[in-house]
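For reference, the chains in residue letters:
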Amino acid sequence: MARYNAPMRYVSGSYSGRVVRAGIVGGSGYAGVELLRLLHAHPAVEVAWVHSRSHPGEAVAAHYPSLASLTKLRYAAEPVEKLAAGTDVVFLAAPAQVAAQLAPAILEAGAAVIDLSADFRLRRPEQYQEVYGFQHPHPGLLQQAAYGIPELFAGQVRASRLVANPGCYPTAVLLAVAPLVEQGLADLNRPLCVAATSGISGAGSQPGPAYHFPHAAENVAPYGLVRHRHTPEMEQALTWMAPDGAAARVLFVPHLVPASRGIVATCFVPLRRPCSDAELLELYRGRYGEAPFVRVLEPPRLPQTKAVYGSNFCDVAVRWDPVTGQAVAMAAIDNLVKGASGQAIQNLNVMMGWDERLGLDWPPVYP
């Protein structure tokens, strides 16, 4: 991981190297439009084209007035394989199974791929049938894909031309518990339990009835039990991080809350030995001291969505519970930024050897 000796500063306008050409597939969804918003301020990236199967030829700003006067792009109608020629990187922000079909041709055309769907996150091909209900068409690529949480797997990302951008929930959970798992403090012979909340935008721009305003307003509801599709992704990464390669088990219960954005994950982690809050705080400070987007909160502060809204930050905190012998590890992220498009751009920065903060060094929106 790169070292940062200077304090956080605005670097978005201080780049003077080669500008790369980027394409976006799925540019009419929330992740796609968030990529456009963030890349507008990225000094090293030019968005050459945006593709949408549902709005070919239409102006992007006609669907997202927030981008009016900022882009004259129209949704391309040409085949993605043709558009990819002459492009340096393609962000795939399309629904499940689309990336799995498109990625080989894009890579063959010479562009790198950053996939925001789940199509390359799991390493075992049989899991796609179990978890997502389809047979992966290119299982050979699964071993080539880097799992893109730069704070945890920067080496993979740096060496790959195909990056699987993690799910929003796994991003929050894994950053919350990584120091405990990596140091062997977490007892993975016992289940790790997670309760998490997400804003409604996590359901995408075309949600089902349960996510529409009349149902979701003034309502909090669990969903996706008992094996949410993000659970195998969490278990896979935890096993990678465990010093002894222990097979992790996760009991994960997500909840929908009446907010547009934001995730808070509260993780209950059995520990192998007692720890004090001070020891845990020092562990987290040491682990994330050089990670520009992870902020370790000191007591009595706890993560909250309002503190990371619209930003690529992940706020984490940890406490020891002597009665149950567990650590309570918490994280808050914006599900559309650090949980999706912001992390995708952070991955691009790592792939290109740039400062991770390039184009992302903006404070959260408050209030």
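What comes next concerns the included structure. Residue positions are given per chain, counted from 1 along the sequence in the order it is written. Given that this is a predicted model, residues contribute local features only at a pLDDT of at least 70 and side-chain atom pairs are listed and counted only at 80 or more, while totals for whole chains, interfaces and linings are drawn from all residues. Side-chain measures were taken over the full set of non-hydrogen atoms in the model, leaving aside hydrogen atoms and water.

**Some remarks on the overall build of the protein chain**
Of regular secondary structure, the protein chain possesses 11 helices and 14 strands. Computation of the radius of gyration draws on C-alpha atoms, with the globule rule given as 2.2 Å multiplied by the number of residues to the power 0.38. What you see for the protein chain is a C-alpha radius of gyration of 20 Å, in line with the 21 Å of a compact globule of 367 residues. Counting only C-alpha atoms, the protein chain reaches 60 × 45 × 45 Å along its principal axes. For the exposure calls, accessible area comes from a 1.4 Å probe over protein chains only, and a residue counts as buried if that area is under 20% of its type's maximum, exposed if over 50%, partly exposed in between. Buried residues in the protein chain amount to 55% of all 367 residues. The criterion used for residue contact is that any of the two residues' heavy atoms lie within 4.5 Å. For the protein chain, long-range pairs separated by at least 24 residues make up 71% of all intrachain contacts whose partners lie at least 6 apart in sequence. To measure how exposed things are, a 1.4 Å probe is used in the Shrake-Rupley method; for residues, cover is taken only from the protein chains shown. Per element, the accessible surface of the protein chain, about 15,400 Å² overall, is 54% carbon and sulfur. Helix and strand definitions follow DSSP, with helices as H or I runs of at least four residues and strands as E runs of at least two, each counted in order from the N terminus.

**Here we look at the pairing of strand β8 (residues 192-198)**
Every second residue of β8 is oriented toward a common face, the buried set being L192, V194, A196 and S198 and the non-buried set C193, A195 and T197. For two strands to count as paired, DSSP must find a minimum of two bridges between them. Here seven bridges tie β8 to strand β10 (residues 250-256), and the two strands are oriented parallel to one another. The residue of β10 that forms the bridge with L192 is V250.

**Looking at unusual backbone geometry**
For the bond from L225 to V226, the omega torsion is -5°, close enough to zero to count as cis. The residue V226 is located in the loop between β9 (221-222) and α9 (231-241) in this model. Cis rather than trans, the peptide bond between P299 and P300 has omega equal to 10°. When you line up the elements, P300 lands in the loop between β12 (294-296) and β13 (314-321). A positive phi is found at Q97, a non-glycine position, where the angle reads about 80°. Following the sequence through the fold, Q97 ends up in the loop between β4 (89-92) and α4 (98-108). The exposure class assigned to Q97 is partly exposed, which follows from its relative accessible area of 40%.

**Considerations on the pattern of salt bridges**
Salt bridges are defined by distance alone: a side-chain nitrogen of Lys or Arg within 4 Å of a carboxyl oxygen of Asp or Glu. For the coordinates displayed, the defined rule picks out 16 salt bridges. Between E182 and R287 there is a salt bridge whose closest N-O contact spans 2.6 Å. Of this pair, E182 sits in helix α7 (residues 168-182) while R287 sits in helix α10 (residues 277-288), placing them 105 residues apart in sequence. Of the charged contacts in the structure, one is a salt bridge between E282 and R285, with a shortest N-O distance of 3.8 Å. Here E282 and its partner R285 are both found in helix α10, three residues apart, which amounts to about one turn of the helix. The exposure class of R285 is partly exposed, given its relative accessible area of 36%.

**Here we look at the sheet that holds strand β5 (residues 112-115)**
Sheet architecture is open: seven strands sit in the order β3-β2-β1-β4-β5-β7-β6, paired in parallel fashion. Bordering the open sheet on either side are β3 (75-76) and β6 (146-147), each of which pairs with just one other strand. Inspection of the sheet shows strand β2 (residues 45-51) paired to β3 by two bridges, in the parallel sense. Paired with V50 across the strands is Y75, a residue of β3. Lines fitted to C-alpha atoms define the axes here, with helix axes fitted over just the stretch in contact, and angles between the N-to-C directions of these axes take values from 0 to 180 degrees. Relative to β5, α4 is tilted by about 160°, and along the sheet it contacts β1 (20-25), β4, β5 and β7 (162-164).

**Regarding the side chain of H230**
Secondary-structure assignment places H230 in the loop between β9 and α9. When residues no more than four places from it in sequence are discounted, the contact partners of H230 are R121, Y132, G167, C168, Y169 and P170.

**So, the nonpolar core**
In this structure, L152, V177, L180, L238, C267 and Y288 are the most contacted members of the largest nonpolar core, which totals 49 residues. Here this core takes 11 residues from α7, the largest share from any one element. What L180 contacts, discounting residues up to four positions off in sequence, is L185, A186, V269, L271, L280, L283, Y284, A327 and A329. Working definition of a nonpolar core: buried Ala, Val, Leu, Ile, Met, Phe, Trp, Tyr and Cys residues. They are joined through side-chain atoms within 4.5 Å. Ranked by size, the runner-up nonpolar core spans 42 residues in total, among them L39, L73, A93 and A112.

**Description of the side chain of R121**
Take R121: it is sitting in the loop between β5 and α5 (126-132). Those residues within four positions of R121 in sequence are excluded, and the remaining contacts are L116, Y128, Y147, A164, N165, P166, G167, H230, E233 and Q236.

**Topic: helix α11 (residues 337-352)**
In an α-helix, one turn spans 3.6 residues, which is why side chains three or four residues apart end up on the same side. Taking 1.5 Å per residue as the helical rise, α11 with its 16 residues ought to reach 22 Å, whereas the 19 Å between its terminal C-alpha atoms falls clearly short. Axes are fitted to the seven residues ending at a residue and to the seven starting at it; the angle between these axes is taken as the bend at that residue. The sharpest bend along α11 comes to roughly 50°, located at Q343. Summarising burial for α11: 15 of the 16 residues are buried, a large majority. Two residues or fewer after α11 comes G353, characterised by a positive phi angle close to 80°. The length a helix should cover is 1.5 Å for every residue beyond the first.

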